[in-house]
Amino acid sequence: MIIENHPKEKEAMEAFHRGDRQEGLRLQEEFAAQFRREYQEKDHCSCKKACRYHGNCKECVAIHRAHQEHVPNCMRPIINQKLKLLSELTEHTLAYEIQPPKEILRKEDR
Ligand code: SF4
């Protein structure tokens with residue numbers, strides 16, 4: 001089971017968007033139940049950093065909420081996807097003005 005872009009959850013969001021909350025919740029629970037079963041033992045965390053909180057979403061999210069600097073690693077591709085669209089507005093010239101901090105440049109993070 002691949003979590004990102006899972007068709008069941010996409011379907012659930014379509015239901016929510018058209019105002020069918022009941023169906024959205026039903027589909028969402030189907031996804032969650034499948035996730036629960038499949039990842040009972042397996043590693044679901046996509047973060048590549050060596051971190052003592054790996055896979056411990058509750059504490060990982062609390063840490064990021066606490067420092068407020070950035071979001072957990074697994075959520076970055078979602079946000080980058082949206083930012084890329086906005087960045088098109090200036091032909092990605094923002095790239096000349098920004099540089100990831102040292103820690104992000106580690107090879108294994110890519
Ligand atoms: S919230 Fe943190 S621990 Fe959970 S999957 Fe994302 S990066 Fe991993």
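Our structure is the block above this text.
## Things to note about the overall build of the protein chain
Right, so step 1: What the protein chain contains, in helices and strands, is four helices and zero strands.
Right, so step 2: When the helices and strands of the protein chain are placed in sequence order, the string is α-α-α-α.
Right, so step 3: A compact globule built from 110 residues should have a C-alpha radius of gyration of about 13 Å, whereas the protein chain, at 17 Å, is more than 25% larger.
Right, so step 4: Across its three principal directions, the C-alpha atoms of the protein chain cover 45 × 40 × 25 Å.
Right, so step 5: Summarising the internal contacts of the protein chain: among those between residues at least 6 apart in sequence, 33% fall at separations of at least 24.

## Description of the site of the ligand
Right, so step 1: The immediate surroundings of the ligand are formed by Cys-45, Cys-47, Tyr-53, Gly-55, Asn-56, Cys-57, Cys-60, Val-61, Pro-72, Asn-73 and Cys-74.
Right, so step 2: Split by residue class, the shell around the ligand holds eight nonpolar, three polar and no charged.

## Describing helix H3 (residues 57–67)
Right, so step 1: Within H3, only zero of the eleven residues are buried, which leaves the element largely exposed.
Right, so step 2: Following H3 by one or two positions, Gln-68 has its phi on the positive side, about 60°.

## Description of the packing of helix H1 (residues 7–17) against helix H2 (residues 21–38)
Right, so step 1: Close contact between H1 and H2 brings their axes to 7 Å; oriented N to C, the two are set at 165°. Viewed along their axes, H1 and H2 adopt a mutual orientation that is roughly antiparallel. Viewed along their axes, H1 and H2 form a crossing whose handedness is left-handed. Counted together, Lys-8, Glu-9, Glu-11, Ala-12, Ala-15 and Phe-16 of H1 and Arg-21, Glu-23, Gly-24, Leu-27, Gln-28, Glu-30 and Phe-31 of H2 form the full contact between these two elements.

## Some thoughts on the environment of Leu-25
Right, so step 1: With respect to the helices and strands, Leu-25 occurs in helix H2.
Right, so step 2: Judged by local crowding, Leu-25 falls into the partly exposed class, with 13 C-beta atoms found within 10 Å.
Right, so step 3: As for Leu-25 and Ala-12, which are separated by 13 residues in sequence, their C-alpha atoms are 6.9 Å apart.

## Brief notes about unusual backbone geometry
Right, so step 1: Positive phi values are uncommon outside glycine, yet Asn-5 reaches one of about 60°.
Right, so step 2: Mapping Asn-5 onto the fold places it in the segment before H1.
Right, so step 3: A positive phi angle, near 55°, is found at His-92, a position not held by glycine.

## Description of the environment of His-70
Right, so step 1: By the secondary structure assignment, His-70 is in the loop between H3 and helix H4 (76–87).
Right, so step 2: On the basis of neighbour counts, which here come to 12 C-beta atoms within 10 Å, the residue His-70 falls in the exposed class.
Right, so step 3: As a C-alpha pair, His-70 and Glu-29 span 41 residues in sequence and 28 Å in three-dimensional space.

Definitions and cut-offs
Residues numbered from 1 in each chain as written. Predicted model: local features only at pLDDT ≥ 70, side-chain atom pairs only at ≥ 80, totals over all residues. Helix = DSSP H or I, 4+ residues; strand = E, 2+ residues; numbered from the N terminus. Rg over C-alpha atoms; globule rule 2.2 N^0.38 Å. Contact = placed C-beta atoms within 7 Å. Near = placed C-beta within 6 Å. Nonpolar A, V, L, I, M, F, W, Y, C, P; charged D, E, K, R; others polar. Buried ≥ 20, exposed ≤ 12 C-beta atoms within 10 Å, placed from the backbone. Axes fitted to C-alpha atoms, helices over the stretch in contact; angles between N-to-C directions. Parallel < 35°, antiparallel > 145°, perpendicular 65-115°, else oblique. Left-handed = near helix turned anticlockwise from the far one by under 90°.

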